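Residue strings, one per chain:
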Amino acid sequence: AGVDVIEYLVVAPDGVINTRVLANLLEFARIMGADVARLAAERRGDEDLRALDLIVAEMRNETSLSKLFWLDFEFNWALAGAAKNIVPRLLLNSVRGLLEKYTPYLETLWVSPGSITEGYVHVVEAVRARDAERASSLLLWIWASRHQTFVESADKKSRPPPPNH
C-alpha cells in the first residue's frame, strides 16, 4: 500500500486515529528496526559509527521535542545506512513526508524527551562491538517500551469529544 493508503487507514477524515492500525505500523517498525540493528552490527563501517555517535550526542543535548523527533528519525536513517541495505532507507524516506505533516500532532504524544533517546547509546555500543544480538534486542526493547505508551496516548488524544447534554 502507498503512504496515502496508510494515512487513510490510520487517520479518519474526522481526525480520529485508528489505534489498531497504528499499533500494527509500530509493530512492523519494531520488527524492522530490530533486524536493521542486527545488520548494522554485522556490516557497519567507521563512518557509520561516527554518524551514529554524532546523532546520539545531539540527542543528549536537545530538549526540543520537534528536534528530538527528527533526530530519532535520523538515528534510524543512519542505522539503516549502517545495515548496508537500501530497502529500510527507502521505507523511511517514503514516510518522511507523512511524518512532516503530522509532526505537530506527534509531538504532543511524547511524555518526556528522555523517552525518545533512552537506550540509543547502548545500541551504538552494541553496533560498535559488532554484537548483533544485543543491538537487535535493544532496538526491540526501545520500540516495545515506546509502543504501548504511544498508542495509548494517541487513543486518548484522538477520541472525539463527548456529546453535550
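See the structure above.
The rules behind these values
Residues numbered from 1 in each chain as written. Predicted model: local features only at pLDDT ≥ 70, side-chain atom pairs only at ≥ 80, totals over all residues. Heavy atoms only, no water. Axes fitted to C-alpha atoms, helices over the stretch in contact; angles between N-to-C directions. Helix = DSSP H or I, 4+ residues; strand = E, 2+ residues; numbered from the N terminus. Parallel < 35°, antiparallel > 145°, perpendicular 65-115°, else oblique. Left-handed = near helix turned anticlockwise from the far one by under 90°. Contact = heavy atoms within 4.5 Å. Nonpolar A, V, L, I, M, F, W, Y, C, P; charged D, E, K, R; others polar. Phe/Tyr/Trp six-rings, centres within 6.5 Å; stacked < 30°, edge-to-face > 60°. Buried < 20%, exposed > 50% of the residue type's maximum accessible area, 1.4 Å probe, protein only. Lys NZ or Arg CZ within 6 Å of the ring centre and 35° of its normal. Core = buried A, V, L, I, M, F, W, Y, C linked by side-chain atoms within 4.5 Å.

A. The arrangement of the packing of helix α3 (residues 46–61) against helix α7 (residues 120–128) in detail. At a closest axis distance of 10 Å, the pairing of α3 and α7 adopts a crossing angle of 165 degrees. Compared by their axis directions, α3 and α7 come out roughly antiparallel. Regarding α3 and α7, the two cross each other, and that crossing is left-handed. For the pair α3 and α7, contact is made by L49, L52, D53, V56, M59 and R60 and by Y120, V121, V124, V127 and R128, respectively. The class makeup of the residues in the contact of α3 with α7 is eight nonpolar, no polar and three charged.

B. Representation of the packing of aromatic side chains. One pass over the structure, following the stated rule, counts four aromatic pairs. Pairing F75 with Y120 gives two aromatic rings, centres 4.0 Å apart and planes at 10 degrees, and the pair type is stacked. Of the two residues, F75 sits in helix α4 (residues 65–82) while Y120 sits in helix α7, which places them 45 residues apart along the sequence. Comparing F75 with Y120 shows no difference in burial state: the two are buried. Members of the aromatic cluster, each reached through a chain of ring pairs, are F69, W70, F73 and W77. Over the ring of W77 we find R96, and its NZ or CZ is 5.0 Å from the ring centre.

C. Seen up close, the side chain of E7. As for its placement among the helices and strands, E7 is situated in helix α1 (residues 3–10). For E7, a relative accessible area of 18% gives the class buried. In this view, E7 contacts L98, K101 and Y102; residues no more than four positions away in its chain are not counted.

D. Structural context of the nonpolar core. Among the nonpolar cores identified, the biggest contains 38 residues, and L52, M59, F75, L79, Y120, V123 and V127 are the most heavily contacted of them. A per-element tally of this core places α4 first, with 10 residues. Not counting residues within four places of it along the chain, the set of residues in contact with V127 comprises A37, A40, A41, R44, L49, L52, L79 and A135.

E. Representation of unusual backbone geometry in the model. Despite not being glycine, K84 has its phi angle at roughly 60 degrees, a positive value. Its location among the elements puts K84 in the loop between α4 and α5 (86–107). Even without being a glycine, R130 presents a positive backbone phi close to 60 degrees. Within the secondary structure, R130 is located in the loop between α7 and α8 (132–158). A relative accessible area of 43% places R130 in the partly exposed class.

F. Examining the packing of helix α2 (residues 19–43) against α4 more closely. In contact at an axis separation of 7 Å, α2 and α4 are set at 50 degrees when each is read in the N-to-C sense. Accordingly, the angle class assigned to the pair α2 and α4 is oblique. Once α2 is placed against α4, the crossing between them reads as left-handed. Residues V36, A37, L39, A40 and R43 of α2 pack against L79, A80 and A82 of α4. Residues of the contact of α2 with α4, tallied by class, amount to seven nonpolar, no polar and one charged.

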